[in-house]
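Fold and geometry: a report
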Amino acid sequence: MTASAHRAARLMLAAAIAVGLAASAAHGQAGRETTPGPWGGTLEVSPASPPRTGPARPPRGREAPGARPTAAAPRSPAGAQAAPTLATVLAAEVSGDDRRTRLAFDVAAPVAIEARSLADPSRVIVDLPEVEFRLPTGTGQSAGGLISRYRFGLIEAGRSRIVLDTMGTVRIVRAEVVGPLSTGRFRLEIDLAPATAADVAAWQLAEAAARSVAAEPVPATPAMGIPQGRAGRRPVVVVDAGHGGIDPGAEGAAAIEKHIVLDVARHVERVLSATRRYEVVMTRTTDVFVSLDERLRISQAHHADLFLSLHADSLPSKELARSVRGATVYTLAEQASDDLARRMAEKENAVDLLAGLPLTGSGDDQVRAILIDLLRRESATYSQDFRRHLLAELRPRIAVAREPARSGPFKVLRQAGSPAVLIELGYMSNADDERLMATSAWQGKVAQAIAAAVDAHFHTRTAGKR
Ligand SMILES: [Zn+2]
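Keep in mind it's a predicted model, so treat the numbers as computed, not measured.

Turning to the overall build of the chain, a few remarks are in order. Per the secondary structure count, the chain includes 12 helices and 15 strands. The 466 residues of the chain split such that 48% are buried. Pairs at least 24 residues apart make up 76% of the contacts formed inside the chain by residues separated by at least 6 positions. Summing over all exposed atoms, the chain offers an accessible surface of approximately 22,300 Å²; the carbon and sulfur share of this is 55%.

What follows is the structure, given as structure tokens:
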């Protein structure tokens, strides 16, 4: 390894540790160990991570089109701050053209960043410690030069992310935090250029190396202290608010799916918990990104008896948007029931990719899928039973779509043993739906309908077992 590559690797490690330390300083432990979920290792296996086998790997592969970390840590005495306040991102600007594009953010304080370029789809991921994005609504929806659009938000507790959709694969020429400027602010700058064929080849090499590292056994996620047996305990209902953090979901004229579904989830949690008949588990309670795999893991760890995924649909066609409205309840089917269901499933399954996660799916998954399939058959009957009750309860309360019972290959419904439905509460693209869905009164009505359906469903389920 060349001296400069070695230095780059060390810097990278320093940047990763700096991020981890901020979260775990209170525990006095190494950052990685306190990072929850399958996320802990993700940063480490990026094409830009330091190679484990050292000299065998050509250093070229690490450098282009990968990352240049910048460890611009605050220069305060070590351990002086107790609860660090979040750095604020105050402005964003895109400049340049399709040969060289710069995306710059004004940041109130220095932050450590890590950037990497990905292909298929082409995008750039910038990871940083949790920051507060104080940017105007609509920021990033269109950009310029090599960047078609960008998103930003919380990717998990303590970590924020910026995802740039790019025109073709790009090379990161520079990713740095500079400052302080005369304004007292710092500037996060990312310079991009189109990737050359050599860049892409080097990138593929690094990717392959990263994959072999990723294939090493990962310690199993410990169960969360929930008793294994189902007998004699209250049914567990998992309420899954879709999207969150960096993934906004569908965007209406004023409202955003991720906020509406979290509000509804909170109503449902309140109503169901008040009955004292169910143990309610939320997959998220804040505006944070949760991967589809993590949602499934939470459901499995809690031995869910029913999984309810909440969403709010949107149609791209202006014509249809005016006339199509109302709730739809989806169940799992590998073959979509119709074209709309297929497109909905594709859209909902793509959220991990949009948030910058690598595509998953190994041989291991396939074996698991076969085992799960056996369990699913029983669940499928229960899922349909729940939907029947739910539609009966929704109809007198809110608008229901013309064909409200559909099915499709939704990843989040691939549960290992729990009946599951995905509820599209209404259409963000329809003005009436959007206005109503944002009101607490409407959300309360939906929660009442869901709770009544849960009651009816478990009543028949337990009666059937006698
Ligand atoms: Zn959704």
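Let us now look at the sheet that holds strand 10 (residues 236-241). Backbone-to-backbone hydrogen bonds pair the strands of a sheet. The strands run either parallel or antiparallel. Across the sheet, 6 strands lie side by side as 11-10-12-15-13-14; this open sheet has mixed pairing. Because the sheet does not close on itself, it has two edges, and the strands there are strand 11 (279-282) and strand 14 (400-408). Geometrically, the sheet is characterised by an average inter-axis angle of 20 degrees between neighbouring strands, direction not taken into account. Note: strand 12 (residues 306-313) against strand 15 (residues 420-427), 6 bridges, orientation parallel. Paired with Leu 310 across the strands is Ile 423, a residue of strand 15. In this fold helix 5 (residues 257-275) packs onto strand 10, strand 11, strand 12 and strand 15, with an angle of close to 145 degrees to the strand it touches most, strand 12.

On to the sheet that holds strand 7 (residues 159-166). Taken together, the 4 strands give an open sheet; going across it, the order is 3-4-7-6, and neighbouring strands pair in antiparallel fashion. Looking along the sheet, the strands with just one partner apiece sit at the ends: strand 3 (114-118) and strand 6 (147-156). Between one strand axis and the next, the sheet turns by 15 degrees as a mean value, whatever way the strands run. The pairing of strand 4 (residues 123-129) with strand 7 spans 7 bridges and is classified as antiparallel. Looking at the pairing, Pro 129 lines up with Arg 159 of strand 7.

Turning our eyes to something else, we now look at the nonpolar core. Counting residues in each nonpolar core, the largest one holds 40 residues, and the members touching the most others are Ile 450 and Val 454. Of all the secondary structure elements, the ones that give two or more residues to this core are strand 10, helix 5, strand 11, strand 12, strand 13 (327-332), helix 10 (363-394), strand 15 and helix 12 (440-464). Element by element, the count of residues in this core is highest for helix 12, at 9 residues. Ignoring sequence-local partners within four residues, the contact set of Val 454 consists of Val 237, Leu 272, Tyr 278, Leu 306, Leu 308 and Phe 386. Core analysis: the second largest hydrophobic core is formed by 28 residues, Val 107, Leu 164, Ala 175 and Val 177 among them.

Moving on to the coordination of the zinc ion. Taken together, His 243 (NE2), Glu 257 (OE), His 311 (ND1), Glu 348 (OE) and Glu 348 (OE) make up the full set of protein donors to the zinc ion, lying 2.0 to 2.6 Å away. Look at where the donors of the zinc ion fall in the sequence and you get H-x13-E-x53-H-x36-E. Taken as a pair, His 311 in strand 12 and Glu 348 in helix 8 (residues 339-349) lie far apart in primary sequence, 37 residues in all. Judged on exposure class, the residue His 311 and its partner Glu 348 are both buried.

Time to look at the pattern of salt bridges. Side chains that differ in charge, positive against negative, can pair when their charged atoms come close. In the structure shown here, the tally under the stated rule is 32 salt bridges. Between Asp 127 and Arg 116 there is a salt bridge whose closest N-O contact spans 3.2 Å. Linking Asp 127 in strand 4 with Arg 116 in strand 3, this pair joins segments that are 11 residues apart in sequence. Note on Asp 127: relative accessible area 4%, which makes it buried. Classification of Arg 116 by relative accessible area gives buried; the value is 4%. Note that Asp 455 is salt-bridged to Arg 277, the shortest N-O span being 2.9 Å. In this pair, Asp 455 sits in helix 12 while Arg 277 sits in the loop between helix 5 and strand 11, placing the two residues 178 residues apart along the sequence.

The pLDDT averaged across the chain works out to 76; a share of 70% of its residues lies at or above 70. Low pLDDT (under 50) marks residues 1-82, which in the prediction has 113 contacts with non-local residues, meaning those over four places away or in another chain. Ignoring residues within four places in sequence, the model shows residues 214-229, a span with pLDDT below 50, making 12 contacts including any to other chains. The ipTM assigned to the predicted complex is 0.98, against a pTM of 0.63.

So, about helix 6 (residues 292-301). For helix 6, a buried count of 8 out of 10 residues is recorded, marking the element as mostly surrounded by other parts of the structure. Those residues of helix 6 lying buried are Leu 292, Glu 294, Arg 295, Leu 296, Arg 297, Ile 298, Ser 299 and Ala 301. Taken together, the buried residues of helix 6 touch strand 10, strand 11, strand 12, helix 8 and helix 9 (351-354). Once helix 6 finishes, His 303 follows within two positions and takes phi at roughly 50 degrees, a positive value.

Along the chain, the position of Glu 257 falls in helix 5. Among buried charged residues, Glu 257 stands out as having no salt bridge; its nearest opposite-charge side chain is Lys 347, 7.0 Å away. There is a polar contact of 3.0 Å between the side chain of Glu 257 and the side chain of His 243. Those residues in contact with Glu 257 that lie beyond four places of it in its chain are His 243, Pro 248, Gly 249, Ala 250, His 311, Ala 312, Glu 348 and Met 428.

Between Gly 179 and Pro 180 the backbone carries a cis peptide bond, its omega angle lying at 5 degrees. Relative to the elements of secondary structure, Pro 180 occurs in the loop between strand 8 (170-178) and strand 9 (186-194). The residue Arg 276 is not glycine, and still its phi comes out positive at about 60 degrees. You can see Arg 276 is positioned in the loop between helix 5 and strand 11. What makes Arg 276 exposed here is its relative accessible area of 68%. Phi is positive for His 303, which is not a glycine, with a value near 50 degrees. One can find His 303 in the loop between helix 6 and strand 12.

This brings us to the pairing of strand 4. Counting buried positions along strand 4 yields 7 of 7 residues, so the element is predominantly enclosed. Note that strand 3 and strand 4 share 5 bridges and pair antiparallel. Note that in strand 4 the partner of Glu 114 across the bridge is Asp 127. Between the antiparallel neighbours strand 3 and strand 4 lie 4 residues, among them Asp 120 with a positive phi of about 65 degrees.

Cut-offs used in this document
Residues numbered from 1 in each chain as written. Predicted model: local features only at pLDDT ≥ 70, side-chain atom pairs only at ≥ 80, totals over all residues. Heavy atoms only, no water. Helix = DSSP H or I, 4+ residues; strand = E, 2+ residues; numbered from the N terminus. Buried < 20%, exposed > 50% of the residue type's maximum accessible area, 1.4 Å probe, protein only. Contact = heavy atoms within 4.5 Å. Areas by Shrake-Rupley, 256 points an atom, 1.4 Å probe, with all protein chains shown as cover. Pairing = 2+ DSSP bridges. Axes fitted to C-alpha atoms, helices over the stretch in contact; angles between N-to-C directions. Core = buried A, V, L, I, M, F, W, Y, C linked by side-chain atoms within 4.5 Å. Donors = N, O, S within 2.8 Å, 3.2 Å for Na, K, Ca; no water. Salt bridge = Lys/Arg side-chain N within 4 Å of Asp/Glu carboxyl O. pLDDT = per-residue confidence, 0-100. Lys, Arg positive; Asp, Glu negative; His and termini not counted. Polar contact = N/O pair within 3.5 Å; in protein donor to acceptor, adjacent residues only side chain to side chain.

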